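# Architecture and fold: a report
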Amino acid sequence: MSFLTVGWQPVINAGLPPQHPGDDASPVATVGWLPKLGTAFYPYPDDDPEAEEGMVRP
Amino acid sequence: MTADRSMPTRNPRTTDSSLAESAPAGGMSRRAVLGGAAAMTGAVAVSAAVATPASATSGGAASSTARLIAALPAASGIKKRSRLVDYEVVELASLLRAGKVTATQVTKAYLDRIDRFNGPFETYGDNGLYNAFVRIDRAGALAAAAAADTRFARARHTHEELPPLLGIPFGIKDSVAVKGLDAKDGSHAFDGNTALRDATVVHRLREAGAVILGHTVASAFSGSITGTFAGNAWNKDYVPGGSSQGSGVAPVARLAAACIGEETGGSIMMPSAANGASGIKPSLGTTSVAGLMPLSPGYDVLGPICRSVRDASLVLSIVLGPDPANDPLTLSAPEPFPAMPLSARKGRRPLAGVTIGIPQTDWMRTSRGIQAGTSPQGTYDADHLAAFNRLKQQLTSLGATVKEFPGLDVTDPANDPYFSSSDVLATVDGSNISPSSAVLSPNRYEIRYWDAVKDFAATRPADQAAALLAQYGRKAPGETSASFESATRLGGMIPASVRVEGEKRRRQLQANYQAALDKAGVDFMLVFSLGAQIGLRTGSGFPVYRAYYQLPNALAWPMVSFPVGYDSTVGLPIAAQFWGPRFSEPEIVQAAIDYQEHFPQYHNAAPPDPVADTPKVAPRVLRSVEPATPPELSNDPLVAEEALR
């Protein structure tokens, strides 16, 4: 079936609310809906856009 | 969304360098793609913080901007149109670049027509005229136009690359955050819902130079797919289609060059069809919905409504793309997204090799209910049937193979275990959970659907709070009154296993429909969302329409609507839609662009200006005194499914 575009891969942190270094508590409008849906966007423990190049994570 | 977000801990140089390293490369791994997407978030956030042009923030953006610019028609070859407001977006973009017109002239031309033909603002009801715009930001639009003209003037010396939509006036649906304006989603119950930032889509439009005119009127709570607030672009006595009512009317009525609509279950397609606009409902995940007032997260998509499909395709290419931190669903789309077509293919038979299927089980609904067993075309009125037959010939003449095929009969629960099954997956807090509720209710819970409204309602006057409670509250069995807490409890108590079962059934429906296409060798489908002349605003809306108009949303598949004729009595538009598998936007949009290139008489037609009644301001109504939308005309999947059982 071709309805899946991206092949399945194991997700790390599945079940946790969306986690991203850019996450921000301030709402987009006065009604404070979170504009997010889904499990962790950030599925790979080493993909930290804030990390310096070549930095080794603990 | 990302506008105004301060990112004190992020080092722009680091982000840019990591982006640069992830940008080139053939044969990128999924990991690299995701890494690139993550870096992109940082880049966009930084660009918003320091207000650098979008083209400077992304390795891919410069080349994609160049591709968009290169696809614009040459200014010298643009056929003269009778009014400035008649030019398509791609033509305006070219004329602006060539210095033939200024952004201020264009913006003032649209504002002038809004002054003459829109009628009073802030009116959720008949305002005596088009009522496409519910509020405008005149000063902001003129300032943006003046800034665009400054950039055009400077670029004549510096030859810098300018973004494609620089100086193009847009309308944005009332449910989408435009910084500084209240977003009310079709009801004064949301008075005071001031947007603190731009939605991602609006942010990307602004980065591409767009002039935001204001908010276009929406059905109350984006609920109805017919609508009565705006007047149809071709005759304001007729329904405009909803829920993105004003976004369907404004481009065709020449009150905006282009608009953004939102669809959950028909809300881009119906206004596009009813007004003869060219609109694209993207696949789920193609565009970010961050900053949208949600109706059903997991279905909601934002897309363009314009006068031509190539305009809509240009706008979609600007707003699509990953927005991982704000809308993780955008990570389900291919990145980079396949290039959207911006011009017709050469040759007399551009559709050669394309097989377009007409699903014979895509039942229509008439006043006698769902016409299961009768082919869609068997329900069309004479004008629609004539246009349908003519369209088949036209597509065939362009080289396409057009054939009827069974499609998937979604009234059979074996085919559609998601919508059409009467299975109760669980009983939670006294309520039976249908498969689609098992998907949508937890989705709503996850984004604080009810809590956010409850917090807001607590800050508002009593009548407003009551209207919000009437719309969003729930009364559980045994409870004496509706409450937000009850709704939140239901959404939060649906077990993960039940949610997974609902998702599984949704995917089974998707797989079954894909199999039906594959079995028949069909690339994409042709349908008419509306099969007969639409009704008066004082009447019941659509006499004949696709009963399963929500199906593309459940499937997460894209759809493009374009006009193919006008009826012989009132002159209202007749429209067709192509829809195909998820992320087939480039294919269905290309076919529609090819059609409009060879048969331009339909999308180029302009309606007569309305005769101005006495403009009137409707009383400030809240939901409690409005007639309810019948469930079979609801944009809300959980409401609409009541009518499908």
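See the structure printed just above.
Residues numbered from 1 in each chain as written. Chains lettered and ligands numbered in written order. Predicted model: local features only at pLDDT ≥ 70, side-chain atom pairs only at ≥ 80, totals over all residues. Heavy atoms only, no water.

## Some points on the overall build of chain B
Looking only at helices and strands, chain B has 19 helices and 16 strands in total. Considering chain B as a whole, with its 645 residues, one finds that 64% of them fall into the buried category. Here the contacts in chain B between residues at least 6 apart in sequence split such that 75% fall between residues at least 24 apart. Carbon and sulfur atoms provide 55% of the accessible area of chain B, an area that totals close to 21,300 Å². (Helix = DSSP H or I, 4+ residues; strand = E, 2+ residues; numbered from the N terminus. Buried < 20%, exposed > 50% of the residue type's maximum accessible area, 1.4 Å probe, protein only. Contact = heavy atoms within 4.5 Å. Areas by Shrake-Rupley, 256 points an atom, 1.4 Å probe, with all protein chains shown as cover.)

## Concerning the packing of helix 12 (residues 435-446) of chain B against helix 16 (residues 496-520) of chain B
All names here are of chain B. Packing of helix 12 against helix 16 brings their axes to within 7 Å, and their N-to-C directions diverge by 120°. What the angle tells us is that helix 12 and helix 16 run oblique. Seen from above, helix 12 lies across helix 16 with left-handed handedness. Packed against helix 12, whose contacting residues are Pro-435, Ala-438, Val-439, Pro-442, Asn-443 and Glu-446, the element helix 16 presents Val-498, Arg-499, Gly-502, Glu-503, Arg-505 and Arg-506 at the interface. Residues belonging to the contact of helix 12 with helix 16 are distributed by class as follows: five nonpolar, two polar and five charged. (Axes fitted to C-alpha atoms, helices over the stretch in contact; angles between N-to-C directions. Parallel < 35°, antiparallel > 145°, perpendicular 65-115°, else oblique. Left-handed = near helix turned anticlockwise from the far one by under 90°. Nonpolar A, V, L, I, M, F, W, Y, C, P; charged D, E, K, R; others polar.)

## Description of helix 10 (residues 309-319) of chain B
For helix 10 of chain B, the tally of buried residues reaches 10 of 11 residues, placing the bulk of the element in the interior. Following helix 10 of chain B by one or two positions, Gly-321 of chain B adopts a phi angle in the positive range, close to 120°.

## Concerning the sheet that holds strand 8 (residues 364-366) of chain B
All names here are of chain B. Taken in spatial order, the three strands line up as 9-8-14 in an open sheet, and their pairing is antiparallel. If you trace the sheet from one side to the other, it starts and ends with strand 9 (369-370) and strand 14 (545-546), each paired once. Inspection of the sheet shows strand 8 paired to strand 14 by two bridges, in the antiparallel sense. Residue pairing in the sheet places Met-364 in a bridge with Arg-546 of strand 14. (Pairing = 2+ DSSP bridges.)

## Focus on the pairing of strand 2 (residues 169-173) of chain B
Residue and element names in this part refer to chain B. Within strand 2, five of the five residues are buried, which leaves it mostly tucked inside the rest of the structure. Residue alternation in strand 2 divides its side chains into two sets, Pro-169, Gly-171 and Lys-173 and Phe-170 and Ile-172, and both sets are buried. At this point the chain moves from strand 2, through helix 7 (residues 200-207), to the parallel strand 3 (residues 211-216), and the crossover so formed is right-handed. The pairing of strand 2 with strand 4 (residues 258-263) spans three bridges and is parallel. From the neighbouring strand, Gly-171 faces strand 4, where its bridge partner is Cys-259. (Right-handed = clockwise from strand over helix to strand, strands pointing away.)

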